[in-house]
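Geometric and topological summary
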Amino acid sequence: MEKSIEELERQFNEKIEKGIKIEPKDWMPDRYRKQLLRMMSQHAHSEVVGMLPEGNWITRAPSLKRKTVLLAKVQDEGGHGLYIYCGAETLGVDRSEMIQQLLDGKAKYSSIFNYPTVSWADIGTIGWLVDGAAIVNQTLLAKGSYGPYSRAMVRICKEENFHHRQGYELISTLMSGTPEQRAMAQDSFNRWWWPTLMMFGPSDAHSPNSGELLKWKVKLMTNDELRQRFIDRTIPQAEALGITIPDPDLKYNPETKHYEYGQPNWEELTNVINGNGPCNKQRLNTRIEAEANGQWVREAAEAYAAKRAMKQAS
Ligand code: BYC
């Protein structure tokens, strides 16, 4: 006998309640599928577009060691995109469709990748702050309710830890260098601090998706809770390096054991999300060009797969 929608919904909610992962073939509410697809495709695009600001410095890395580390990191990000596209495909949408939405400017990706990398210090700052923020978010996403997404996050977090370390080490090297190197690291921090805080999304009062995502345990903390967690972890690291935080309102509250901080410029976040950040057009054009240049590779791979399938069938 077929189960009623009410019964299916009850079983689904029971699984979520008990912390049992939802798997691709399990029944799930349409909204759950839609929310996951929205978030996972945005996340996958972020990983791939996120290769561009750092990729910009591969040919200009100051030593062979720095170059190999950066190359490995940028390649890792491409891999992260692939894991998440695979995960998103389990929800019934082909990755070519998701990628087309990105190229058509219809899909979102993280606001942070629409800022330019103007100095070598930006490479360290991205690893330390941007990957640091990603780890805070993704460590919790790894405990989320959808099996393929949470498992992709476990693997990604391991690699992000290496990214975070190399960024912190790079900034630490600059901070123990010449006055010019210290100034370059501080300038970079000043430019990336606020955009990094915006990575966590709008404040809770303006986050339309959080309610459903929290109810279904895709997200386990709100945008503001994650932002606070990141700030509490990062300030002591900045202090250890001798970096000044560009926030006059920042202060430690010994009672709550949290840092209080000033508000990011939310209008700037809205502008960047809506395609009007400093590098939105450049990033999209680079992706469009890369997609066209890679066409022959995809065709060759498809031809090879078809030939192999024919051989196996005969
Ligand atoms: N940028 O209701 P809300 C990396 C959108 S890559 C752009 O709070 P939600 C790395 C949001 O999509 C990893 N858009 O949404 C790679 C929504 O619009 P739609 C990056 C943003 O989903 C290379 C609307 O605003 N991490 O680490 O509850 C090199 C309302 O927001 C942003 C991820 O992608 C933003 N910052 O929460 C180095 C994490 N914020 O879709 C490093 C995965 C909000 O309704 N995503 N929006 O049209 C998430 O964790 C969540 O989706 C967010 C937003 C926290 C971003």
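Before reading further, recall that the structure is shown in the block above.
The model shown is predicted, which means the values in this text are computed figures rather than measured ones.

1. Description of the overall build of the protein
Of the regular secondary structure elements, the protein holds 13 helices and two strands. Compactness check: the protein gives a C-alpha radius of gyration of 21 Å against a globular reference of 20 Å for 314 residues, within 12% of the reference. Out of the 314 residues belonging to the protein, those deemed buried represent 47%. Look at the contacts in the protein between residues 6 or more apart in sequence, and 77% of them connect residues 24 or more apart.

2. Quick look at the pattern of salt bridges
One pass over the structure, following the stated rule, counts 18 salt bridges. Across the salt bridge formed by R227 and D224, the nearest N and O atoms sit 2.6 Å from each other. With R227 and D224 both in helix 10 (residues 223-241), this residue pair falls three residues apart, about one helical turn. Classification of R227 by relative accessible area gives buried; the value is 0%. Judged by relative accessible area, which is 25%, D224 ranks as partly exposed. E260 serves as the salt-bridge partner of K251, at 3.3 Å between the closest nitrogen and oxygen. Using a relative accessible area of 32% as the deciding quantity, one classes E260 as partly exposed. Linked by salt bridges that have partners in common, E7, R10, E14 and K18 make up one network.

3. Details of unusual backbone geometry
One non-glycine residue with positive phi stands out, namely K217, at about 55°. Following the sequence through the fold, K217 ends up in the loop between helix 9 (210-215) and helix 10. With a relative accessible area of 28%, K217 lands in the partly exposed category.

4. A short note on helix 12 (residues 280-293)
Taking 1.5 Å per residue as the helical rise, helix 12 with its 14 residues ought to reach 20 Å, and the 20 Å between its terminal C-alpha atoms agrees with that figure. Those residues of helix 12 that fall on the buried side of the exposure criterion are N280, R283, R287 and E291. The buried residues of helix 12 occupy an angular sector of 75° when projected down its axis, which confines them to one face. The exposed set on the far side of helix 12, more than 90 degrees from its buried face, consists of K281, E289, A292 and N293. Those residues of helix 12 that are buried are in contact with helix 2 (30-49), helix 3 (51-55), helix 5 (95-103), helix 11 (266-276) and helix 13 (295-313).

5. A look at the side chain of Q166
Relative to the elements of secondary structure, Q166 occurs in helix 7 (residues 147-175). Accessibility expressed as a relative area gives 10% for Q166, which makes it buried. From its side chain, Q166 meets the backbone oxygen of H163 in a polar contact 3.1 Å long. If we skip the residues at most four places from it in the chain, Q166 touches V69, K73 and G127.

Parameters at a glance
- Residues numbered from 1 in each chain as written.
- Predicted model: local features only at pLDDT ≥ 70, side-chain atom pairs only at ≥ 80, totals over all residues.
- Heavy atoms only, no water.
- Helix = DSSP H or I, 4+ residues; strand = E, 2+ residues; numbered from the N terminus.
- Rg over C-alpha atoms; globule rule 2.2 N^0.38 Å.
- Buried < 20%, exposed > 50% of the residue type's maximum accessible area, 1.4 Å probe, protein only.
- Contact = heavy atoms within 4.5 Å.
- Salt bridge = Lys/Arg side-chain N within 4 Å of Asp/Glu carboxyl O.
- Expected span 1.5 Å × (residues − 1).
- Arc of directions from axis to C-beta.
- Polar contact = N/O pair within 3.5 Å; in protein donor to acceptor, adjacent residues only side chain to side chain.

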